[in-house]
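# Inside the fold
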Amino acid sequence: MAQLELFISGKLPNGFTGLEMICESLSVRLLDSGVPVTLEQVNQAELTVIFDGACATIRYAQENHLYRAIGLLVEGMISDKPFEIREEPQFDTVGFMLDCSRNAVPKIERVKELLLKMALMGMNALMLYTEDTYALEDEPYFGYMRGRYTSEELKECDAYASSLGIEMIPCIQTLAHLDTFLKWEAASKLRDSQDVLLVGDDHTYEFIDRMVGNVSRTYQSRRIHIGMDEAHNLGRGRSLDMHGYRDPSELMNEHLIKVTGITQSYGLQPMLWSDMSFRTASATHDYYDPDVSFTEADANRVPSGAQLVYWDYYHYDQPFYETMIRKHKQLGSMPVFAGGIWTWLGMCTHYDRTFKSTNAALQACKQEGVREVFATAWGDNGAENNVWTVLPGLQLFAEHAYARVLDEQKLRRRTTFCTGIPYEYYISIDMLDDIPGLIVEHGDTSNPSKYLLWQDVLLGLFDKHIEGLEVSQHYQLMTDTFSELAQHSAQALRIFEIPARLSEVLKLKADMGVRLKRAYDSEDRTLLEHFVGIELPDLLQKVEALRISHRRLWMNTNKPFGWEVLDIRYGGLTARLQSTKDRIQEYLEGVTSKIEELEETRLFFDNRDKQGGAGTDYFCTYHLIASPNKMT
């Protein structure tokens, strides 16, 4: 197909820059001799793209609608036939929150690349979740050696986003989740417990004032996300020693009033996670307590103008979300909703979980009149995953945002068009964790690609979970599958090289502990010699190949800080495989009469045989996976 040329005239909301950027990303040339495209900005929430075979008309309300419409036009014109597309925007805001606090801090050029994709999809808000990963004046330990963004870097991203009709909203923490800063002696006066600020102390509010003032000067947005979630140890550390016990709900309310007063002094409208409002009102301290109820007094405790953000990516039933949204309304206003793209289970993004929870949640949001929704992508436990695997999840949110009911076929087409990689390629990543026969509790896949990678071969903490399963054959199939997909394009290589390398490792390692113990128990010296001479040296080479590929992807995507954690994990894995080789060799040579680690009876990691079922369906914490012994 010849390069598409367009001549665009009519109402532009924010100059020509954003339009040029979108067209350049689509390899579309803007010329006077191009296909005439007339833009009409309308007052009602609608998006219309009409092509009659010679000319095109686009009607849109918001700037993000226009950039989505350009993509729809270009996609439709590929067939060279007349068409008409009418969409009905469902939300005022459809955004993305990217975790930049779990070691991976994306480079500025990668944030810009992400913003372009978001604009093409029709999204209009981005939050970079920064606990201590932004520079703060007079606080050299805040984000020290963590890859923190400078104010200049954030301003550059903010200006770029603005040119694409995307609002960048500062997203910080003003209560909990600050352990990487509070661990330093320089922060001792601010510390209540390991990750919670000392509520009620003047030093704390002077510190928060500087945080809020900093982001107020950095971002154009007059909104701010102040965090305040999961403050489970509020008032239980130094505060308890200094002031005695105080009801956490009282501490929370007093702190919220002071922090929102600070945000208002800078002209910023605050939003905050809602879980602490629910936990303190619940008899079971559960965020998702179906029996929790709120009084008028509870509603009055939420400061005027503060928006509550309801976060939930765990439920698959639309009625549950509808009930939770109604409970949020009892607190005085319509909540913002934050769903999740399941990126935090290791190197495998779980699209099945993502789609089931998101479809139920966003349909409930439409039903209940929620106007603002965000996708989140967390990097818990080391940010092992690849940020670019979020794209189908973002597309899912975008397609929901422009239709009363999701059109799944359109989602597939749009994902392929907007990302350059076929939808079904992405979805195949789920197979990394979908080992046939692996028992899980809730009908979802577990995350064996993480725990089978990092578990110790000699200790075999998860060996009971995979006994009798054809895991080696599964990962051989995955090696072949992902190696082929990686050859599709440079973009596909960025997505599928790591799954391919990981599968190469796991086809040897996943059941090595099971096979090793079986050989030891049966005194099969020939097989033990095979492990020493063939399998373990081969596995060590494949682990190193995975590490090199993973490092290359990280350095291309993120700042270098944080990679050292994964280097330590790979280094530990390599050292333990070498020790395994040495231990077997010493046994074969008679240096030791037994391998004590292989003498131990294997148990289920989660005690499922005694509990009558799996205790949980995924395992994310590296130090618990790697060893039952103390690592700190």
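Rules and cut-offs
- Residues numbered from 1 in each chain as written.
- Predicted model: local features only at pLDDT ≥ 70, side-chain atom pairs only at ≥ 80, totals over all residues.
- Heavy atoms only, no water.
- Domains from an automatic or database assignment.
- Buried area = accessible area lost by both parts, 1.4 Å probe.
- Salt bridge = Lys/Arg side-chain N within 4 Å of Asp/Glu carboxyl O.
- Helix = DSSP H or I, 4+ residues; strand = E, 2+ residues; numbered from the N terminus.
- Buried < 20%, exposed > 50% of the residue type's maximum accessible area, 1.4 Å probe, protein only.
- Polar contact = N/O pair within 3.5 Å; in protein donor to acceptor, adjacent residues only side chain to side chain.
- Contact = heavy atoms within 4.5 Å.
- Expected span 1.5 Å × (residues − 1).
- Pairing = 2+ DSSP bridges.

### Things to note about the domain arrangement of the chain
Domain assignment breaks the chain into domain 1 (4–87), domain 2 (93–428) and domain 3 (433–626). The straight-line distance from the C-alpha centre of domain 1 to that of domain 2 is 33 Å. Surface buried jointly by domain 1 and domain 2 totals about 1600 Å² across both partners, of which 60% is contributed by carbon and sulfur atoms. Interface area lost by domain 1 to domain 2 is led by Met21, Asn64 and Arg68, which between them contribute 37%. Counting across the domain 1 and domain 2 interface gives 3 salt bridges. Close ionic contact of arginine 68 with glutamate 399 constitutes a salt bridge, the shortest N to O distance being 2.8 Å.

### A closer look at the side chain of aspartate 275
Structurally, the position occupied by aspartate 275 is in helix H9 (residues 275–281). Looking at aspartate 275, the relative accessible area reads 0%, which means it is buried. Within polar-contact distance, the side chain of aspartate 275 engages the side chain of tryptophan 311 at 3.2 Å. Those residues in contact with aspartate 275, other than ones at most four positions away along the chain, are Asp229, Glu230, Tyr287 and Trp311.

### Section: helix H3 (residues 108–121)
Helix length check: H3, at 14 residues, gives a terminal C-alpha distance of 20 Å against a target of 20 Å (1.5 Å per residue), a fit within 8%. In terms of burial, H3 is a largely internal element, 11 of the 14 residues being buried. For H3, the full list of buried residues reads Ile108, Arg110, Val111, Leu114, Leu115, Leu116, Lys117, Met118, Ala119, Leu120 and Met121. Looking one or two residues beyond H3, the residue adopting positive phi is glycine 122, at roughly 100°.

### Things to note about unusual backbone geometry
Outside of glycine, negative phi angles account for most residues, and trans bonds account for most peptide bonds. Of note, aspartate 80 is a non-glycine position whose phi angle comes to about 65°, a positive value. With respect to the helices and strands, the residue aspartate 80 is situated in the loop between helix H2 (63–77) and strand S6 (83–87). Within the chain, glutamate 523 stands out as a residue other than glycine whose phi angle is a positive 55°. Its place among the elements puts glutamate 523 in the loop between helix H20 (512–521) and helix H21 (525–557). Note on glutamate 523: relative accessible area 61%, which makes it exposed.

### Quick word on the pairing of strand S16 (residues 372–377)
In terms of burial, S16 is a largely internal element, 6 of the 6 residues being buried. Burial along S16 is two-sided: the face carrying Glu372, Phe374 and Thr376 and the face carrying Val373, Ala375 and Ala377 are both buried. Where strand S7 (residues 93–99) meets S16, 6 bridges bridge the pair, whose relative direction is parallel. In the strand pairing of S16, leucine 98 is matched with alanine 377.

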